Amino acid sequence: MLTQTTSRVLEPSDLDAALAVLDREPLVNAFVTSRVQVAGLDPWRLGGEMWGWYEDGMLTSLCYAGANLVPICATPRAIRAFADRARRAGRRCSSIVGPAETTARLWRLLEPSWGPAREVRPHQPLMVTDEMPAGITPDPYVRRVRKDEVSAIMPACVAMFTEEVGVSPMAGDGGLLYQARVAELVGAGRSFARFDADGKVVFKAEIGAATHQACQIQGVWVAPEHRGTGLAAPGMAAVLRYALAGVAPVVSLYVNDYNTPARRAYQRVGFTEVGAFMSVLF
């Protein structure tokens, strides 16, 4: 038991304490919680380190340091400690993402040494629902992507990522990690799509994170030539039906505040805004 105010890299033996912190905000922390529940705190399996902040010997705040830097239930003192550790380690992540207030505070401390960022998205509404919408019929053609359809879904996934993030996921390692992630979601039955008669994806989305308390939809995409034709809301309703029936009792997502069509589609399906995320992209 630590008896002072300090930060350190957590070890596998700290798993229960880390999960207790993550469980304090199950909606906000769904992505990191889902990874920790599967991989534990071993850095190799987790894909990064988990930093912990202790006050009076108790673990009170976390920060996931992997491909993303993610502050979790972080107090102002914890943010300062995590920023100090991040500066010493040097930037290894491709983004900082998390609750808007704490992420903004962390970025203010890191920007002098890590900046400039390629893009800062300061307000990304966090939206939630726990029931199916009235008046929206789920698209009957949206279904789970089969394991033998990974190559068919991949071009849509790459297009979505490139459009959303601004860089291709195929850069760097040739897309090996990204392809593995897509295959992982397909294999877990958490990738959904509508295909046209030629086998081309016209709508897709994934349940990117799932815990027993909440899950998070991500990667929502409509093929450009089909935008504005009414596919998004019924498609989302179909994915929502799968999510509520077999994954978690509450479904969340976050969206860029400037993406008005997407926000309207999510609102039609019954999602309501309960908070905000922030992303800093490098």
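To start, this report covers the structure provided alongside it. Each residue is numbered by its place in its chain's sequence as written, counting from 1. Reporting of local features is limited, given that this is a predicted model, to residues whose pLDDT is at least 70; pairs of side-chain atoms are given and counted only at 80 or more, and all residues count toward the totals for whole chains, interfaces and linings. The side-chain figures draw on all heavy atoms in the structure; neither hydrogens nor water molecules are used.

**Let's talk about the overall build of the protein**
Each helix is a run of DSSP H or I of at least 4 residues and each strand a run of E of at least 2, with the numbering of both proceeding from the N terminus. Within the protein, the regular secondary structure consists of 9 helices and 12 strands. Against the 2.2 N^0.38 benchmark of 19 Å for 282 residues, the protein shows a C-alpha radius of gyration of 19 Å, consistent with a compact globule. Principal axes of the C-alpha set define a box for the protein whose edges measure 60 × 35 × 35 Å. Long-range contacts, defined as pairs at least 24 residues apart, comprise 68% of the intrachain contacts of the protein with a sequence gap of at least 6. Here, Shrake-Rupley sampling with a 1.4 Å probe gives the accessible areas, and only protein chains in the shown set may cover a residue. As displayed, the protein offers around 13,200 Å² of accessible surface, 54% of which is attributable to carbon and sulfur atoms. We count Lys and Arg on the positive side and Asp and Glu on the negative side, and we leave His and both chain ends out. Charged groups are reduced to one reference atom each: NZ for lysine, CZ for arginine, CG for aspartic acid, CD for glutamic acid. The average position of the 29 basic charges and that of the 28 acidic charges among the side chains of the protein differ by 2 Å. What the globule rule says is 2.2 Å times the number of residues to the power 0.38, and the radius of gyration is computed from C-alpha atoms. Here a residue-residue contact requires only that any non-hydrogen atoms of the pair lie within 4.5 Å.

**A look at the pattern of salt bridges**
The rule for a salt bridge is simple: a side-chain nitrogen of Lys or Arg has to be within 4 Å of a carboxyl oxygen of Asp or Glu. A full pass over the atoms with the stated rule returns 14 salt bridges. Here Arg 143 makes a salt bridge to Glu 149, at a shortest N to O gap of 2.7 Å. The salt bridge partner of Glu 163 is Arg 227, with a shortest N-O separation of 3.0 Å. Of this pair, Glu 163 sits in helix α6 (residues 150-165) while Arg 227 is found in the loop between β10 (215-222) and α8 (232-246), placing the two residues 64 residues apart along the sequence. By sharing partners, the salt bridges in this structure join Arg 143, Arg 146, Asp 148 and Glu 149 into a single network.

**Some words on the sheet that holds strand β7 (residues 143-144)**
The sheet built from 12 strands is open, its strands ordered β1-β2-β3-β4-β5-β12-β6-β11-β10-β9-β8-β7 with mixed pairing. Of all the strands in the sheet, the pair left with one neighbour each is β1 (6-9) and β7. The pairing of β1 with strand β2 (residues 49-55) spans 4 bridges and is classified as antiparallel. The partner of Thr 6 across the bridge, within β2, is Tyr 54. Angles shown run from 0 to 180 degrees and are taken between the N-to-C directions of axes, each axis being a line fitted to C-alpha atoms and, for helices, limited to the stretch in contact. Sheet strands in contact with helix α2 (residues 30-39) are β2, β3 (58-65), β4 (68-72), β9 (201-210) and β10, and its direction is about 65° off that of β9. Against the sheet, helix α4 (residues 76-89) engages β1, β2, β3 and β4, with an angle of about 140° to β2. Any two strands with at least two DSSP bridges between them are considered paired.

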